[in-house]
Amino acid sequence: TVWECICRENFAGRLLPWVVADFVARAVLVVTFHAYTRHFLQTPFASDDSNGDDRKMMCNVLFNVGAVAVLYLWIREMNYCATVFKITSATSYFWRFVGGFWHVVDFGMLSSSFGMLLWMHLHGSGGGSGKGRGLEVEMGRKLLGVTTILIWVELLGWMRLVNWDIAFFMGILGKVLKDIRYYMVIIAIFILSSSQLFQIFESQSCSTSSSSECINIYLQTYSTFLGSFDMLEYTTNPS
C-alpha cells in the first residue's frame with residue numbers, strides 16, 4: 001500500500017506530502033460540505049433570513065473553502081488519469097481503469113459536490129428565485145443526501161489505498177456481496193411478489209377502513225421478514 005511505501009522511505013520520500021495533502025483536502029471537503037448543508041437547510045433562501053449580511057458572508061466563506069478542496073481533488077484526479085494514460089498508451093487497460101467502480105465514484109462525488117455547493121451558494125447568497133421553493137428545496141435535499149453518501153464512500157475508497165487492513169476488509173466485503181448476489185435477487189423478487197399480493201388483498205379494506213389507517217405493504221413485508229410482527233409499525237393516515 002501507499003503507507004508501506006512511505007514507511008520504507010522512512011517518511012522522507014515524496015509520497016508523504018501528497019498523502020497528507022489529499023487527506024487534508026478530503027477532510028476539509030467533508031467538514032465544509034456538512035457545515036454548508038446544515039447552514040443552508042436552516043434557511044434555504046436568503047430572502048427568508050433577517051441576518052442577510054452575516055448569512056452571505058458565511059456562505060461565501062464555506063463556498064470558497066469547499067470549492068478550493070474540490071478543485072484540488074479534481075486536479076489530482078486528472079493528473080492520476082493522465083499518468084495512467086501515459087503508462088497504458090491509451091489501450092483498453094486505460095478505459096478499464098477509468099471505468100472502474102472507484103473512479104466512477106470519484107468523478108460522481110467531485111461533480112455532485114461542486115454542483116451542490118454552487119446550488120447552495122446561489123440560493124444562500126440571494127440568487128435563488130422564490131417560485132417553486134418547496135419543490136426545489138425538496139429535490140435539493142435528495143441531491144444533498146446522495147452527494148453526502150458519495151463523499152463518504154469516496155473517502156473510504158481513498159483510505160483503502162493507504163491502509164492495508166481497510167483494503168483487506170473491503171476486499172472481503174466485496175467478495176461476500178459478489179457471492180450472495182443471486183441470493184439477494186431471489187429475496188428481492190420474493191419481497192416484491194409477496195408485497196404486491198398483500199397489497200391486492202388489503203387494498204379494498206384499506207380504502208373502506210373506518211380507522212383511517214393504511215399499511216405501507218412493502219415496508220411491512222420487509223420488516224416481517226426481519227422478524228418484526230408489529231402490524232401498526234408502518235401505518236399512515238391517508239390524505
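Remember, it's a predicted structure, so these values are computed and weren't measured experimentally.

Asker: Before we go on, may I ask you to explain the nonpolar core in this structure?
Answerer: Side chains that are nonpolar tend, in soluble globular proteins, to be buried together. Ranked by internal contacts, the top residues of the largest apolar core, which has 24 residues, are L29, F33, Y36, L117 and M120. Listing elements by their share of this core, those giving two or more residues are helix 2 (15-42), helix 3 (52-88), helix 5 (101-124) and helix 6 (133-162). Broken down by element, the residue count for this core peaks at seven residues, all from helix 2. The contact partners of F33, leaving out residues within four places of it in the chain, are S113, M116, L117, M120, L144, T147, T148 and I151.

Asker: Looking at this structure, how should I read the pattern of salt bridges?
Answerer: Note that side chains of opposite charge can pair when their charged atoms are close. Scanning all chains against the criterion turns up two salt bridges. The closest approach of N and O atoms between E154 and R26, which form a salt bridge, is 2.9 Å. Of the two residues, E154 sits in helix 6 while R26 sits in helix 2, which places them 128 residues apart along the sequence. What makes E154 buried here is its relative accessible area of 4%.

Asker: Would you mind going over helix 2 with me for this structure?
Answerer: Counting along an α-helix, one turn takes 3.6 residues, and residues three or four places apart therefore face a common direction. The end-to-end C-alpha distance of helix 2, which contains 28 residues, comes to 41 Å, matching closely the 40 Å that a straight helix rising 1.5 Å per residue would cover. By the burial criterion, the buried members of helix 2 are V19, D22, A25, R26, L29, V30, T32, F33, Y36, T37 and F40.

Asker: Could you clarify how one ought to interpret the environment of W102 in this entry?
Answerer: Along the chain, W102 falls in helix 5. Remark: the alpha-carbon pair of W102 and L156, spanning 54 residues in sequence, is separated by 9.9 Å. Each residue touching W102, except ones within four places of it in the same chain, is listed here: V153, G157, R160 and M170.

Asker: So what exactly am I meant to see when it comes to the environment of F23 here?
Answerer: Inspection of the secondary structure assignment puts F23 in helix 2. Taking relative accessible area as the criterion, F23 reaches 46% and is therefore assigned partly exposed. C-alpha of F23 to C-alpha of W158: the two residues are 135 residues apart in sequence and 8.7 Å apart in space.

Asker: Honestly, the environment of H121 in this entry has me stumped. Any pointers?
Answerer: Its location among the elements puts H121 in helix 5. Using a relative accessible area of 15% as the deciding quantity, one classes H121 as buried. Linking H121 and C59, residues 62 residues apart in sequence, is a C-alpha distance of 6.2 Å. If near-sequence neighbours (up to four positions away) are discounted, H121 is found in contact with Y36, C59, N60 and F63.

The rules behind each value
- Residues numbered from 1 in each chain as written.
- Predicted model: local features only at pLDDT ≥ 70, side-chain atom pairs only at ≥ 80, totals over all residues.
- Heavy atoms only, no water.
- Core = buried A, V, L, I, M, F, W, Y, C linked by side-chain atoms within 4.5 Å.
- Buried < 20%, exposed > 50% of the residue type's maximum accessible area, 1.4 Å probe, protein only.
- Helix = DSSP H or I, 4+ residues; strand = E, 2+ residues; numbered from the N terminus.
- Contact = heavy atoms within 4.5 Å.
- Salt bridge = Lys/Arg side-chain N within 4 Å of Asp/Glu carboxyl O.
- Expected span 1.5 Å × (residues − 1).

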